[in-house]
Amino acid sequence: MASYNKKEHLRANIDAIQTVFTLHRERRTATEEEMKVLRAYTGFGALKCILSSANSMEDIARWNKSEVELFPLVMELHRIIRDNTASESQYKSYMQSLKNSVMTAFYTPEPVVREIAASLQEAGITPGKILDPSAGMGEFIRSFNPIAAEGHTTFGFEKDILTGQLLSALHPDDKIRIRGFEEIESKFNGYFDVVSSNIPFGDIAVFDPVFSKTDEPARKVARMSLHNYFFVKGVDMLREGGVLAFITSQGGMNAPSNEPVREWLMSHTRLVSAIRLPNNLFSENAGTEVGSDLIVLQKNSNKASLTEEEQRFIKSGKRPSGVM
């Protein structure tokens, strides 16, 4: 697998951002050539250099020597965003949004998502209503649309402002919301046939009024971390029999503290599969080796019992030393 080249990815990201600003200014849809530029955007998950100041040449003195070659590009990024925003506060909100995404924006390689879509198709699933609650650059939307029913509806939620605008430009016919998943309207509870995404991870609390008002242990735990929240909220959005397929950090299955959430999931869904993915899955697109799992669940709110596999899914324990 090719190594991650920060300079190339940063250049491609800047070109994509410049293109989306041009489209907004000229109030038009992207040409095929511009679509290619937009699709080359990979987010800033492995580009922590954008967290460093780069507003003037004096700032370079505070940069790590290993990243100094990226300074001119980060300076250009600041300039492009500043030139295309109406006020200092808007510029700061764009930059803050990008910086927030540094910890969570690791986009999924296309072949992986295509395999997920193909496996659902083989299982006879032809979704009419699809949701990607953390859409990034729309890899799941692109892979699921071809297997969907004629006249289907696809929703994508993306919290990062710039990524959301890029996503909207790439998918003008889909319902793209540039906001967090926690803002989805309650009318969509039980609405979707498929909910699928590479969900964000991290012990970041989520404010969701529905979760704040409940004493249910799983929801209390879930609102304290992104990945747990996305699982519980994702199941809420599914119709009975609907399928959830999430790529998530290994902590979701590993951590003992997540046991109440895993127990809730196994009480409300059927475990279709739980697969540990290779650690180098995101190396090429995001320059990181993060442990990830693919979890596929089918909503079943009226379960009477759990299978042995589902009981094992709930529990977590350390392997004996020497066991792989």
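Here, every reference points to the structure presented above.
Owing to the predicted nature of the structure, the values given are computational and were not obtained by experimental measurement. (Residues numbered from 1 in each chain as written. Predicted model: local features only at pLDDT ≥ 70, side-chain atom pairs only at ≥ 80, totals over all residues. Heavy atoms only, no water.)

S.K.: So what exactly am I meant to see when it comes to the packing of helix 2 (residues 32-39) against helix 7 (residues 161-170) here?
M.R.: Between two packed helices, both the angle of their axes relative to each other and the distance between the axes serve to describe the pair. Running from N to C, helix 2 and helix 7 point in directions that differ by 145°, and their axes come no closer than 10 Å. Here helix 2 runs over helix 7; the crossing is left-handed. On helix 7, the residues that touch Met35, Leu38 and Arg39 of helix 2 are Leu166, Ala169 and Leu170. (Axes fitted to C-alpha atoms, helices over the stretch in contact; angles between N-to-C directions. Helix = DSSP H or I, 4+ residues; strand = E, 2+ residues; numbered from the N terminus. Left-handed = near helix turned anticlockwise from the far one by under 90°. Contact = heavy atoms within 4.5 Å.)

S.K.: Would you take a moment to explain helix 3 (residues 71-83) for this structure?
M.R.: Spanning 13 residues, helix 3 covers 18 Å between terminal C-alpha atoms, matching the ideal 18 Å at 1.5 Å per step. Regarding helix 3, the residues found buried are Phe71, Leu73, Val74, Glu76, Leu77, His78, Ile80 and Ile81. Lining the buried residues of helix 3 we find helix 1 (6-26), helix 4 (88-101) and helix 7. (Expected span 1.5 Å × (residues − 1). Buried < 20%, exposed > 50% of the residue type's maximum accessible area, 1.4 Å probe, protein only.)

S.K.: Is there a simple way to think about the sheet that holds strand 7 (residues 292-299) in this case?
M.R.: Consider a sheet: its strands pair through backbone hydrogen bonds, and that pairing is either parallel or antiparallel. Within the open sheet, the seven strands sit side by side as 3-2-1-4-5-7-6. Their pairing is mixed. Where the open sheet ends on each side, the last strands, each with one partner, are strand 3 (175-177) and strand 6 (269-276). Going across the sheet, the axis of each strand differs from the next one's by a mean of 10°, ignoring polarity. Bridge count between strand 1 (residues 129-132) and strand 2 (residues 153-157): four bridges; the pairing is parallel. Bridging from a neighbouring strand, Ile130 pairs with Thr154 of strand 2. Sheet contacts for helix 5 (residues 110-122): strand 4 (192-198), strand 5 (238-249) and strand 7; angle to strand 5, the most-contacted strand, approximately 155°. (Pairing = 2+ DSSP bridges.)

S.K.: Help me understand the pairing of strand 1, please; the structure alone is not making it clear to me.
M.R.: A regular strand carries its side chains on alternate faces of the sheet. Taking the sense of rotation as the criterion, the β-α-β connection linking strand 1, helix 6 (residues 139-144) and strand 2 turns out right-handed. Sheet analysis places strand 1 next to strand 4, joined by two bridges and oriented parallel. By the bridge assignment for strand 4, Leu131 is matched with Val195. (Right-handed = clockwise from strand over helix to strand, strands pointing away.)

S.K.: For this particular structure, what's the right way to read the pairing of strand 4?
M.R.: Across the seven residues of strand 4, seven count as buried, placing the element largely inside the fold. As defined by bridge partners, strand 4 adjoins strand 5 across six bridges and the pair is classed as parallel. Paired with Ser196 across the strands is Ala245, a residue of strand 5.

Nothing here speaks to function; it is geometry throughout.
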